[in-house]
Amino acid sequence: MPQLLRLLLGLALLALLAACGSAPAAQPVAPTSAAEAGPVTGGTLIVVQASDPGSLNPAITTGGPVHSVTDQIFNGLVGLDDDLNPVPELAESWTISDDGMIYTFTLRSGVTWHDGTPFTAADVKFSFEAGLLKYHARTKAALEHVLEAIETPDDLTVVFQLRQPYGPLLQRLDVVEASIIPQHIYAGKDLQNDPANLAPIGTGPFKFVVYARGERIVLERNPGYFRTGRPYLERVIFQIIPDNATALLALEQGEVDYMGSVPGADLEHLQALPDLQLVAGFGGSGGSLCQLTLIPNLTQAPFDQLAVRQAFAHALDRQFILDRVYFGQGSLATGPISSQMTWAYTSDVPAYGHDPAHAEELLDQAGLLRGADGTRFSIVFTHPSTFTRLGEVLREQLKVVGINLELEALDTPAAVDKVFVQKDFDLSVASYCNGSDPEIGVRRAYISSNIGPIPFSNGAGYANPAVDRLLDAAAALSERTERAALYATFQQQVVADLPYFWLIDAAGYRAYRSNFAGFRVSAGPFVEEAYQVAGEP
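Residues numbered from 1 in each chain as written. Predicted model: local features only at pLDDT ≥ 70, side-chain atom pairs only at ≥ 80, totals over all residues. Heavy atoms only, no water.

Trainee: Before we move on, can you summarise the pairing of strand 10 (residues 235-240) with the specific residues and values?
Mentor: In terms of residue burial, strand 10 counts as a mostly covered element, since six of its six residues are buried. Burial along strand 10 is two-sided: Arg235, Ile237 and Gln239 facing one way and Val236, Phe238 and Ile240 facing the other are all buried. Pairing geometry for strand 1 (residues 44-49) and strand 10, over six bridges, is parallel. Within strand 10, the residue paired with Val47 across the bridge is Phe238. When strand 9 (residues 216-221) meets strand 10, the two strands line up antiparallel, connected through five bridges. Of the residues in strand 10, the one forming a bridge with Glu220 is Arg235. (Buried < 20%, exposed > 50% of the residue type's maximum accessible area, 1.4 Å probe, protein only. Helix = DSSP H or I, 4+ residues; strand = E, 2+ residues; numbered from the N terminus. Pairing = 2+ DSSP bridges.)

Spelled out as structure tokens, the structure:
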């Protein structure tokens, strides 16, 4: 980063730290080569944050803009490695009963919250009962009917009693799916609106310092982190830059150091720059396997009619969207399960190819005829401003079949609230990110019990008892072959019902400056192991 800008940011940060009563000194970086040095403590990383998160409570949302920050502040009972296998985190070990219905977790001793309060089993029980099972779309959908009780026989033991065997449990207890929040901060309060959501206290590698809305979020190293020696970085700044072009220019000029999602149009250019590293990664801060999905409101006209949804799907040129809007980053989605989840995926589902003529026939049959101006009907596309380009392309494609699409761009928190909480929308969009099992994410968008004022839940309002039964039956099995057969039937039924319009099974690249290393490229705490290369400014 240019020295003047580094200096100015440093001075501004010191002022913010002083206002918060804390201004730890950065430790120097040893002047040795990258190859010789390895991880050292110190340095400030500036991360592009594409949108303002609005809240920093990870137990009440699956939103990526929230988790990109909070996954560095909090922990889960378990972690996941880059192969999505469970590893110890707040729980140092666990046992499973022979019948698969009792999981006993032994917690690490000596772990404290960032304010010095001891972490105990009571925090785990509270996090699930008061937060995750009520407001976290994926965890609520999967566990509310599986989990019988959580017991805490002592401060370092947590027992999960299940109503039935549930194979994916460990994979859904990481910081993305089940962040543990402090009971002593939130007990007796409204978790969705408490002021503590803007000044979070966790157990994780970084401590919250300040949140300047629309500008930046600042974290500092937690010197008392239970993983001795971690993290390496002294400070992480999430710089809020909604515009991709501005963010890319800042990355090129050294004003920011890390960008979690690189627009496809800029890959070739960035790959030629010697000061940048590009790496392929899967998923995002909200989960691992992401699907770009249009969300129609099935509870009102016109999307309450299957024929209209079929016509809408045939009007879309998804290949054009993949090629021109997302520049080939991913593949065409065929239904509710990503093709990247190979064991559970099937391509044997109804297809809705780009066919404007057939779309017009279906709309005519539905009685939605063209008016004098050629328009059949108008709908509003309510979306986060980061999807503006997608909205513009959709508008042009739908115009061909007589559908007038009005664009309503909002900041991410406002869009999420209007669509998922208020249910005041015609059409919206989300990147539904999921884990390695359909229970970890897919279920939340299709199970009827998850229709409610919960961010990134069953936003379409889709209800099919047969689909509910298929999901419940698959969750109760442990053999993957048997589960895959049920999930194939589930995909076939859902695609026939067409409650959503699946666009892309996403893939992407992260970019960071070469004077940093150690980033995790899958979901979760991506900066815990990151460090500034020795000798680099």
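Next comes the rest of the write-up.
Trainee: Explain helix 14 (residues 465-476) to me, and be specific about the residues and the numbers.
Mentor: Taking 1.5 Å as the rise per residue, helix 14 with 12 residues should run 16 Å; its terminal C-alpha atoms sit 17 Å apart, in good agreement. Among all positions of helix 14, only Val467, Asp468, Leu470, Leu471, Ala474 and Ala475 are buried. End-on, the buried residues of helix 14 take up no more than an arc of 165 degrees, which puts them together on one face. Exposed side of helix 14, more than 90 degrees from the buried face: Pro465 and Arg469 are the residues found there. Residues of helix 14 that are buried sit in contact with helix 15 (480-497). Backbone nitrogen of Ala466 and a side-chain oxygen of the N-cap are separated by 2.9 Å at the start of helix 14; the cap is Asn464. (Expected span 1.5 Å × (residues − 1). Arc of directions from axis to C-beta. Contact = heavy atoms within 4.5 Å. Polar contact = N/O pair within 3.5 Å; in protein donor to acceptor, adjacent residues only side chain to side chain.)

Trainee: Just give me the short version of helix 11 (residues 356-365), but keep the residues and values in it.
Mentor: Considered for burial, the residues of helix 11 that qualify are Ala359, Leu362 and Leu363. In an axial view of helix 11, the angular spread of the buried residues amounts to 100 degrees, which keeps them on one side of the axis. Where helix 11 is buried, its residues touch helix 9 (306-315), strand 15 (377-384) and strand 16 (403-410). In the segment just after helix 11, Gly367 is the residue with positive phi, at about 85 degrees.

Trainee: Please provide a residue-by-residue account of the packing of helix 9 against helix 11, values included.
Mentor: One way to put it is that helix 9 packs onto helix 11 with a least axis distance of 8 Å and a crossing angle of 160 degrees. Compared by their axis directions, helix 9 and helix 11 come out roughly antiparallel. Where helix 9 crosses over helix 11, the handedness of that crossing is left-handed. Contacts between helix 9 and helix 11 involve Ala307, Val308, Gln310, Ala311, His314 and Ala315 from the first element and Pro356, His358, Ala359, Leu362 and Leu363 from the second. Here the residues of the contact of helix 9 with helix 11 are counted per class, giving eight nonpolar, three polar and no charged. (Axes fitted to C-alpha atoms, helices over the stretch in contact; angles between N-to-C directions. Parallel < 35°, antiparallel > 145°, perpendicular 65-115°, else oblique. Left-handed = near helix turned anticlockwise from the far one by under 90°. Nonpolar A, V, L, I, M, F, W, Y, C, P; charged D, E, K, R; others polar.)

Trainee: Explain the side chain of Gln329 residue by residue, including any values.
Mentor: Looking at the secondary structure, you find Gln329 in the loop between helix 10 (318-325) and strand 14 (330-332). Setting aside chain neighbours within four positions, we find Gln329 in contact with Val262, Pro263, Gly264, Leu267, Leu322, Ile504, Ala506, Ala507, Gly508 and Tyr509.

Trainee: Explain unusual backbone geometry to me, and be specific about the residues and the numbers.
Mentor: Peptide bonds are trans in most cases, and residues, glycine excluded, mostly fall at negative phi. Cis peptide bonds are those with omega within 30 degrees of zero, and the linkage from Arg230 to Pro231 qualifies with -10 degrees. Here Pro231 shows up in the loop between strand 9 and strand 10. Of note, the amide linkage connecting Ala301 to Pro302 takes the cis form, showing an omega dihedral of 5 degrees. Here Pro302 is to be found in the loop between strand 13 (289-296) and helix 9. One non-glycine residue, Phe327, lies in the positive phi region at around 50 degrees. Looking at where Phe327 falls in the secondary structure, it is placed in the loop between helix 10 and strand 14.

Trainee: Could you give me a rundown of the nonpolar core, with the residues and numbers involved?
Mentor: Grouped together as the largest cluster of nonpolar side chains are 68 residues, with contacts concentrated most on Leu294, Phe312, Leu390, Leu427, Tyr446, Phe490 and Phe501. Membership of the second largest hydrophobic core comes to 66 residues, among which are Val69, Leu107, Tyr225 and Ala475. (Core = buried A, V, L, I, M, F, W, Y, C linked by side-chain atoms within 4.5 Å.)

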